[in-house]
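Chain by chain, the residues:
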Amino acid sequence: QVRLVESGGGLVQAGGSLRLSCIFFGGIWSINTVGWYRQAPGKQRALVAAITSGGATNYADSVKGRFTISRDNAKNTVNLEMNSLKSEDTAVYFCNAANSGGDIGWGQGTQVTVSS
């Protein structure tokens, strides 16, 4: 059973930066891909960035060049560095763990609010 805990959300002005962290517990061996998703009010949850156990990454077009996902296997942590934040980045951000069988865990979410 994998458990994920996010941290690092908050309120920031447009143009600023935040770093989100996702720490995972239990069943770590079963995780292949860790992703960050976000859900804004009235919108569907959408992928922001993901990283595989091999280090391959992919990003939503809207965050390319601004966000960086990284993985620290020694600390069982995946981080999301967010720079040049925009008001449209405001959302609840969720951490997700998956393997070839599909999703195996979600975090509780952390709020990111960007003021213009």
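The structure under discussion appears in the preceding block.
The structure displayed is predicted, hence computed values, not measured ones.

> Got a minute to help me understand the overall build of the protein in this structure?
Tallying secondary structure elements over the protein gives 0 helices and 11 strands in all. Reading the helices (α) and strands (β) of the protein from amino to carboxyl end gives β-β-β-β-β-β-β-β-β-β-β. Since a compact globule built from 116 residues should have a radius of gyration of about 13 Å, the 13 Å found for the protein is in line with a globular shape. Per-residue burial for the protein yields a buried fraction of 41% across its 116 residues. Here the contacts in the protein between residues at least 6 apart in sequence split such that 52% fall between residues at least 24 apart. In the protein, the 10 positive side-chain charges and the 7 negative ones have mean positions that sit 1 Å from each other.

> Explain the packing of aromatic side chains here, please?
The relative placement of two aromatic rings is captured by the distance of their centres and the angle of their planes. Scanning the entire structure with this criterion turns up 2 aromatic pairs. Residues Tyr-37 and Trp-106 carry aromatic rings whose centres are separated by 5.0 Å and whose planes lie at 65° to one another, so their mutual orientation is edge-to-face. Separated by 69 residues along the polypeptide, Tyr-37 in strand E4 (residues 33-39) and Trp-106 in strand E10 (residues 102-106) bring together distant segments of the chain. Trp-106 sits in the partly exposed class, given a relative accessible area of 34%. Seen from their ring centres, Phe-94 and Trp-106 are 6.5 Å apart, and the 85° between their planes marks the pair as edge-to-face. Residue Phe-94 is found in strand E9 (residues 91-99), and its partner Trp-106 is found in strand E10; the two are separated by 12 residues along the sequence.

> Would you explain the environment of Gly-55 in this entry?
One can find Gly-55 in the loop between strand E5 (46-52) and strand E6 (57-59). Classification of Gly-55 by relative accessible area gives partly exposed; the value is 40%. Along the sequence, Gly-55 and Arg-71 sit 16 residues apart, while their C-alpha atoms lie 7.5 Å from each other.

> Just checking my understanding: could you explain the nonpolar core for this structure?
Side chains that are nonpolar tend, in soluble globular proteins, to be buried together. Core analysis: the largest hydrophobic core is formed by 27 residues, its most contacted members being Phe-24, Trp-36, Val-48, Phe-67, Leu-80, Met-82 and Tyr-93. Elements represented by at least two residues in this core include exactly strand E3 (18-25), E4, E5, strand E7 (67-72), strand E8 (77-82), E9 and strand E11 (110-115).

> Would you mind showing me how to read unusual backbone geometry here?
For residues that are not glycine, phi is negative in most cases, and the peptide bond is trans in most cases. Phi is positive for Asn-76, which is not a glycine, with a value near 50°. Of note, Asn-76 is situated in the loop between E7 and E8. Overall, the relative accessible area of 24% leaves Asn-76 in the partly exposed class. Even without glycine at this site, Ser-84 takes up a positive phi of about 50°. Tracing the chain through its elements places Ser-84 in the loop between E8 and E9.

> I'm lost on the state of the cysteines in this one. Help?
Defined simply, a disulfide is a covalent bond joining two cysteines at their sulfur atoms. Inspection of the entire model under this criterion finds 1 disulfide. The partner cysteine of Cys-22 in its disulfide is Cys-95, sulfur to sulfur 2.0 Å. Handedness of the Cys-22-Cys-95 disulfide follows from its S-S torsion of about -85°: it is left-handed. Remark: Cys-95 occurs in strand E9 and Cys-22 occurs in strand E3; sequence separation between them is 73 residues. Just as Cys-22 is buried, Cys-95 falls in that class too.

What counts, and where the lines are drawn
Residues numbered from 1 in each chain as written. Predicted model: local features only at pLDDT ≥ 70, side-chain atom pairs only at ≥ 80, totals over all residues. Heavy atoms only, no water. Helix = DSSP H or I, 4+ residues; strand = E, 2+ residues; numbered from the N terminus. Rg over C-alpha atoms; globule rule 2.2 N^0.38 Å. Buried < 20%, exposed > 50% of the residue type's maximum accessible area, 1.4 Å probe, protein only. Contact = heavy atoms within 4.5 Å. Lys, Arg positive; Asp, Glu negative; His and termini not counted. Charge placed at Lys NZ, Arg CZ, Asp CG, Glu CD. Phe/Tyr/Trp six-rings, centres within 6.5 Å; stacked < 30°, edge-to-face > 60°. Core = buried A, V, L, I, M, F, W, Y, C linked by side-chain atoms within 4.5 Å. Disulfide = S-S within 2.5 Å.

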